[in-house]
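# Chain and residue survey
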Amino acid sequence: PAPPTATTATMFAPPPLAGPAAAPPSSGPLVVPRLSSLGQHSLGGAHAAARSPLLSPLPSPIARKESDAALAMLLTRLDDLLASGGRLLVGIDEVERLKGLPLKLIAFEQLLCSASKDGSAASLGATLVQVGVKARNFTPAVQADYETVVSEISEVVLRINNRWPGAVIYMELPTITLAQRLQLWRRAYAAVFTSVREGLNTYPLEAVFARRNVEPGVVVLSEFASCSRVLNGAIRVNPWHTLELAEALGRCLTMSEAERDARRQRDMEFVINNTASAWAERFVLDLQAVAEEKPRDAQWETIGFGLAGFHRAGWRSDFTALDTTEVLTAYRRARRRALFLDWGGTLVPIEDGFTSHLVEYFRERLSPAVHACLHELASDPRNLLMVLSGQESGRMDAAFSSLGHASLAAEHGFCYRLGSLPGVRRPHASEWRQLLPDNDLSW
């Protein structure tokens, strides 16, 4: 092949996984732009070299044309792999540390090592295709970190391809369009995302949609990715646990078509029903509802129990409050009563419009009158008294330790401690419990 130029590099991408002794392909090299600072290496007997010129955050038209040409050649090579019975694990990620690209490559290497031990490496027929894209927020300030990530990626790619020629195809582009991404997702037997921390990323949704009317694929998705909460058909993994990730990759390669189709249907339901236009329509309807229903003289308060249950409630000036006499009559007549009181905002006012009582609230101060009232309510054998708060359990213990019969709920209800109940009197409250009893809070 001709020597690489300043904007292109030559890397051989042999056919699907064969074995350590596989011969270089006869169809020629795959020319890709911007393979970073790989230097010169030997890949399964084939020579590869690269240069890494600096690219601007907004690629020039020439760079775009070169990227389009390189991607077209990549798609041709992938079609050849598919025609020969290969299966593609595809990833498209920005080249930055939080995307977990080295973890993905290491997990794939562990999968190949495990398959080699039992002699099934050749039968996998799997090729990992990883496309790296320059981060959208790339600046010269992160150049050093970017080069470190590229160096880590290059090291693992070379190590894998030296042992299993053609197992990994790595390609770096300055930019990639939606249409180009969909072409890659459509050829993917599995789309793999291993971010260790991430905001909004619609790439997993694209991968689901791209294979809507072809053979079903699988999405392997990091549990730290934003889409992991809505794509119920994806295989969720912890990318830091590379053995778990390797098992997930092996699982998607051996998964039956019926299961893959069932997973796709679950994800497609969300993708189709939650488009950008549907979100915009709901947003506008909410705005219209607020504008139509909120009178000028309305007052608004935030109410609710638990982080997922907060709501805004409003009432007009003609709002009728509870009749105190009726409440007291019903209270005295009842044989069992449940009273739920909020610590901050009810027992201790947070703000009255002129002064803020946040300091008193966080210092766990209760006035003598409020304390005496709580003690009387908690001591009544017909009452269940529970004090709710978003504070930590330790703060609530310090503030309400003298109320042995009272029940407490901290952290917006995640932690709770039961005191006396109607008909069940306890000298002391029980130990603190969690809504999820086996949840690990060691972190």
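## Here we look at the sheet that holds strand S8 (residues 190–193)
- Judged by pairing direction, the sheet is parallel, and its six strands sit side by side in the order S7-S6-S5-S8-S9-S10 without closing on themselves. Looking at which strands have only one partner, the edges of the open sheet turn out to be strand S7 (168–173) and strand S10 (235–237). Averaged over neighbouring strand pairs, the angle between their axes works out to 20 degrees when direction is ignored.
- Each of strand S5 (87–94), strand S6 (126–133) and S8 touches helix H5 (residues 178–186); the most contacted strand, S5, lies at about 150 degrees to it.
- Packed on one face of the sheet, helix H7 (residues 242–254) meets S5, S6, S8, strand S9 (218–222) and S10 and runs near 165 degrees to S10.

## Details of the nonpolar core
- Grouped together as the largest cluster of nonpolar side chains are 39 residues, with contacts concentrated most on Leu89, Phe108, Ile153, Val168, Val220, Cys252 and Leu253.
- Sorting the residues of this core by element identifies helix H2 (101–117), S6, helix H4 (143–163), S7, S8, S9, S10 and H7 as the ones contributing at least two each.
- Counting residues in each nonpolar core, the second largest holds 33 residues, with Leu71, Leu74, Val129 and Tyr203 among its members.

## Let's talk about the packing of aromatic side chains
- Summed over all chains, the structure comprises three aromatic pairs.
- For the ring pair Trp185 and Phe193, a centre distance of 5.4 Å and an interplane angle of 50 degrees mean the geometry is tilted.
- Judged by relative accessible area, which is 1%, Trp185 ranks as buried.
- Classification of Phe193 as buried rests on a relative accessible area of 3%.
- Their ring planes at 20 degrees and their centres at 5.4 Å tell us that Trp279 and Phe283 sit as a pair that is stacked. Here the residue Trp279 and the residue Phe283 both occupy positions in helix H9 (residues 276–293), the gap between them amounting to four residues, near one helical turn.
- Judged by relative accessible area, which is 53%, Trp279 ranks as exposed.
- Overall, Phe283 belongs to the partly exposed group, its relative accessible area being 44%.
- Cation over ring: Arg212 sits above Phe209, and NZ or CZ is 4.0 Å from the ring centre.

## As for the environment of Leu231
- Following the sequence through the fold, Leu231 ends up in the loop between S9 and S10.
- If we skip the residues at most four places from it in the chain, Leu231 touches Pro204, Leu205, Val208, Leu221, Arg236 and Asp267.

## Details of the side chain of Arg181
- Mapped onto the secondary structure, Arg181 falls in helix H5.
- Apart from residues no more than four positions distant in its own chain, Arg181 is found in contact with Ile92, Ile176, Tyr203 and Glu206.

## Brief notes about the confidence of the model for the chain
- The share of residues in the chain with pLDDT of 70 or more is 73%, and the mean pLDDT across the chain is 78.
- Predicted confidence in the chain is weakest over strand S1 (residues 8–11), with a mean pLDDT of 35, and strongest over S8, with 96.
- Per-residue pLDDT stays below 50 along residues 305–309; that stretch engages in seven contacts with residues further than four places along the chain or on separate chains.
- Here residues 353–359 is a poorly scored stretch, pLDDT under 50, and it has seven contacts once near neighbours within four places are set aside; other chains count.

## Some thoughts on the sheet that holds strand S13 (residues 337–342)
- Read across the open sheet, the five strands follow the order S13-S14-S15-S16-S17; overall the sheet is mixed. Only two strands of the sheet have a single partner each, and these edge strands are S13 and strand S17 (433–434).
- The pairing of strand S15 (residues 407–410) with strand S16 (residues 415–417) spans three bridges and is classified as antiparallel. Opposite Leu408, over in S16, you have Arg417 as the bridge partner.
- On the sheet, helix H12 (residues 368–379) packs against S13 and strand S14 (383–388) and is oriented at approximately 135 degrees with respect to S14.

## Remarks on the side chain of Glu109
- Position of Glu109 relative to the elements: it lies in helix H2.
- Judged by its relative accessible area of 13%, Glu109 falls in the buried class.
- Look past the residues within four positions of Glu109 in its chain and what remains in contact with it is Val156, Arg159, Ile160 and Trp164.

## With respect to helix H10 (residues 324–333)
- The element H10 is largely exposed, with a buried count of zero among its 10 residues.
- Measuring from the side-chain oxygen of the N-cap residue of H10 to the backbone nitrogen of Thr325 gives 2.9 Å; that N-cap residue is Asp323.

## Some details on the layout of surface pockets
- Size it by volume and the second largest pocket reaches roughly 350 Å³.
- In terms of lining, the second largest pocket is formed by 13 residues, of which the most central are Leu205, Val271, Asn274, Thr275 and Ala276.
- Residue assignment for the lining of the second largest pocket shows that the elements contributing at least two residues are H5, helix H6 (203–210), helix H8 (257–273) and H9.
- Within the lining of the second largest pocket, the residues separate by chemical class into eight nonpolar, three polar and two charged.

## Section: the pattern of salt bridges
- Scanning the entire structure with this criterion turns up 14 salt bridges.
- Linking Arg159 and Glu109 is a salt bridge whose minimum nitrogen-to-oxygen distance equals 2.8 Å. With a gap of 50 residues between them, Arg159 in helix H4 and Glu109 in helix H2 connect regions that are remote in the sequence.
- Notably, a salt bridge pairs Arg337 with Asp380, separated by 3.1 Å at the nearest N-O pair. With Arg337 in strand S13 and Asp380 in the loop between H12 and S14, this pair connects stretches of sequence that are 43 residues apart.

Thresholds, definitions, all that
- Residues numbered from 1 in each chain as written.
- Predicted model: local features only at pLDDT ≥ 70, side-chain atom pairs only at ≥ 80, totals over all residues.
- Heavy atoms only, no water.
- Pairing = 2+ DSSP bridges.
- Helix = DSSP H or I, 4+ residues; strand = E, 2+ residues; numbered from the N terminus.
- Axes fitted to C-alpha atoms, helices over the stretch in contact; angles between N-to-C directions.
- Contact = heavy atoms within 4.5 Å.
- Core = buried A, V, L, I, M, F, W, Y, C linked by side-chain atoms within 4.5 Å.
- Buried < 20%, exposed > 50% of the residue type's maximum accessible area, 1.4 Å probe, protein only.
- Phe/Tyr/Trp six-rings, centres within 6.5 Å; stacked < 30°, edge-to-face > 60°.
- Lys NZ or Arg CZ within 6 Å of the ring centre and 35° of its normal.
- pLDDT = per-residue confidence, 0-100.
- Polar contact = N/O pair within 3.5 Å; in protein donor to acceptor, adjacent residues only side chain to side chain.
- 1 Å grid on protein atoms, 1.4 Å probe; cavity = no way out; pocket = protein on both sides within 12 Å on 5 of 7 lines; lining within 4 Å.
- Points joined across faces, edges and corners; volume = space filled by probe spheres on them.
- Nonpolar A, V, L, I, M, F, W, Y, C, P; charged D, E, K, R; others polar.
- Salt bridge = Lys/Arg side-chain N within 4 Å of Asp/Glu carboxyl O.

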